[in-house]
Amino acid sequence: MKKKKIIIGVICALIVIILGIIVYANNMLNKINYTNWEDSQKISDEDLDIDTEEVDENLTKVNPEDVDINNVDPLDSIPDVSNILLIGEENIFGDERGRTDSMMILSINKIEKSVKLTSLMRDSYVKIPNHKDNRLNAAYSLGGVPLLKETIENNYGITLDNTVLVNFETFEKIIDILGGVDIEITQEECDYLNANNYISEEENRDLKPGINTFNGNQALGYARIRYVKGIDGELNDFGRTNRQRTLLTAIFNKYKTSNLSTLLDLMNEILPYITTDMSKTDIINYLTAIVAMKPNEIETFRLPIDNSYESVSIRKMAVLNLDWDKNRDALKTFIYGDLLEDSQNQLNN
């Protein structure tokens, strides 16, 4: 009888613990800014503010009618591979909707047990549904997340499962919640950041060459600069997107060995600062998958790939005119690896 009481007591204790975890997780996930993006405002091409200030007069001028972008049907989702669109919104003018100067695809591949991050260059010249061909970041300005997602799927040929939106102000807060992030910078980057308002708070312009522990304000300044070369030697938006991948990689490395409980505690603080169409179940599944996989690193990529684009001027805009076949193939290979060939073989059989 005594043994039965002990067993019953243990079972009751486990039930209480499980119920407690469920209640905690539910309360945490209730903090999320969930949206299906249906209320996204739409504007016309005529109302779009096109940035032409940075056009190099030496760029080859191309007639838009001579650029042929053939949209493709996005590749169907492959089981156990999820693609999450990460959007960084710059809204320095306080408008209802800003610009997407950061667009990345976070890919979680459960079969390969990998986490991959792909940057999409904002100046890539794309076909935007029901609008003029334009830069990729114009899609968000024209129709918000739904139009940006549709544009990426139709041009790059992959399916996006979920989207996460973070603006610059909340990005700073998230980095501070994470306790800062360690980043190595060059002397040139250091001098530039300490002398310019990319770091908006003057007291934070105290960086040194080498490894610095960035707070949120410093991390945002680092993620935005493009007029000086980074450690990788890249300049302009190529350098900026590399810095953004470097930041996310550093955060990943800091927490990659954390257990699910630690990650849930962090998410409890971070969720109020992000907007997403991910459900509670999606979030738990993604976190659980990453913890279970225990990936050693986050693999990074950038589109367009080298030797697959031309910098040109179209309608007084400096844009990247891509070789779409090369870039689509490269993206699918990076994200899916051998799974892509296996999936295609199954369709052919």
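Here the structure is a predicted model, which is why all the values come from computation and not from measurement. (Residues numbered from 1 in each chain as written. Predicted model: local features only at pLDDT ≥ 70, side-chain atom pairs only at ≥ 80, totals over all residues. Heavy atoms only, no water.)

Describing unusual backbone geometry
Here is step 1: The step from L303 to P304 runs through a cis peptide bond, and the omega angle for that step is 5 degrees.
Here is step 2: Within the element layout of this structure, P304 appears in the loop between β12 (298-303) and β13 (309-314).
Here is step 3: With phi around 50 degrees, K294 is a residue other than glycine that occupies positive phi space.
Here is step 4: If you trace the backbone, K294 turns up in the loop between α8 (280-293) and β12. (Helix = DSSP H or I, 4+ residues; strand = E, 2+ residues; numbered from the N terminus.)

With respect to the environment of I270
Here is step 1: Mapped onto the elements, I270 comes out in helix α7 (residues 260-270).
Here is step 2: In the structure, I270 is positioned 100 residues away from T170 in sequence and 9.1 Å away in space, judged by C-alpha atoms.
Here is step 3: The contact partners of I270, leaving out residues within four places of it in the chain, are I174, I177 and L178. (Contact = heavy atoms within 4.5 Å.)

As for the sheet that holds β12
Hydrogen bonds along the backbone pair up the strands of a sheet, which may run parallel or antiparallel.
Here is step 1: Read across the sheet, seven strands follow the order β1-β11-β8-β3-β4-β5-β12 without closing on themselves; strand pairing throughout is mixed. Each of the sheet's edge strands pairs with one partner strand only, and the pair in question is β1 (33-34) and β12.
Here is step 2: Pairing of strand β5 (residues 114-120) with β12, which is carried by six bridges, proceeds in the parallel orientation. Paired with L117 across the bridge in β12 is T300.
Here is step 3: In this fold helix α6 (residues 236-255) packs onto β3 (81-90), β4 (99-109), β5 and β12, with an angle of close to 165 degrees to the strand it touches most, β12.
Here is step 4: On the sheet, α8 packs against β3, β4, β5 and β8 (162-167) and is oriented at approximately 60 degrees with respect to β4. (Pairing = 2+ DSSP bridges. Axes fitted to C-alpha atoms, helices over the stretch in contact; angles between N-to-C directions.)

Points about the packing of helix α2 (residues 138-156) against helix α9 (residues 324-336)
Here is step 1: Axis separation between α2 and α9 bottoms out at 9 Å; the angle between their running directions is 105 degrees. Judged by the angle between their axes, α2 and α9 are roughly perpendicular. Contact residues: N154, N155 and Y156 in α2; W324, R328, L331 and K332 in α9.
Here is step 2: Split into classes, the residues belonging to the contact of α2 with α9 amount to three nonpolar, two polar and two charged. (Parallel < 35°, antiparallel > 145°, perpendicular 65-115°, else oblique. Nonpolar A, V, L, I, M, F, W, Y, C, P; charged D, E, K, R; others polar.)

Observations concerning the pairing of β4
Here is step 1: For β4, the buried fraction is high: 10 of the 11 residues fall into the buried class.
Here is step 2: As paired strands, β3 and β4 are joined by 10 bridges and run antiparallel to one another. Note on β4: the bridge partner recorded for G88 is S102.
Here is step 3: Here β4 runs beside β5; their pairing, made up of six bridges, is antiparallel. Note that in β5 the partner of M104 across the bridge is S119.
Here is step 4: Hairpin geometry of β4 and β5 is characterised by an intervening segment of four residues between the two adjacent antiparallel strands and by a positive phi of about 55 degrees at K113. (Buried < 20%, exposed > 50% of the residue type's maximum accessible area, 1.4 Å probe, protein only.)

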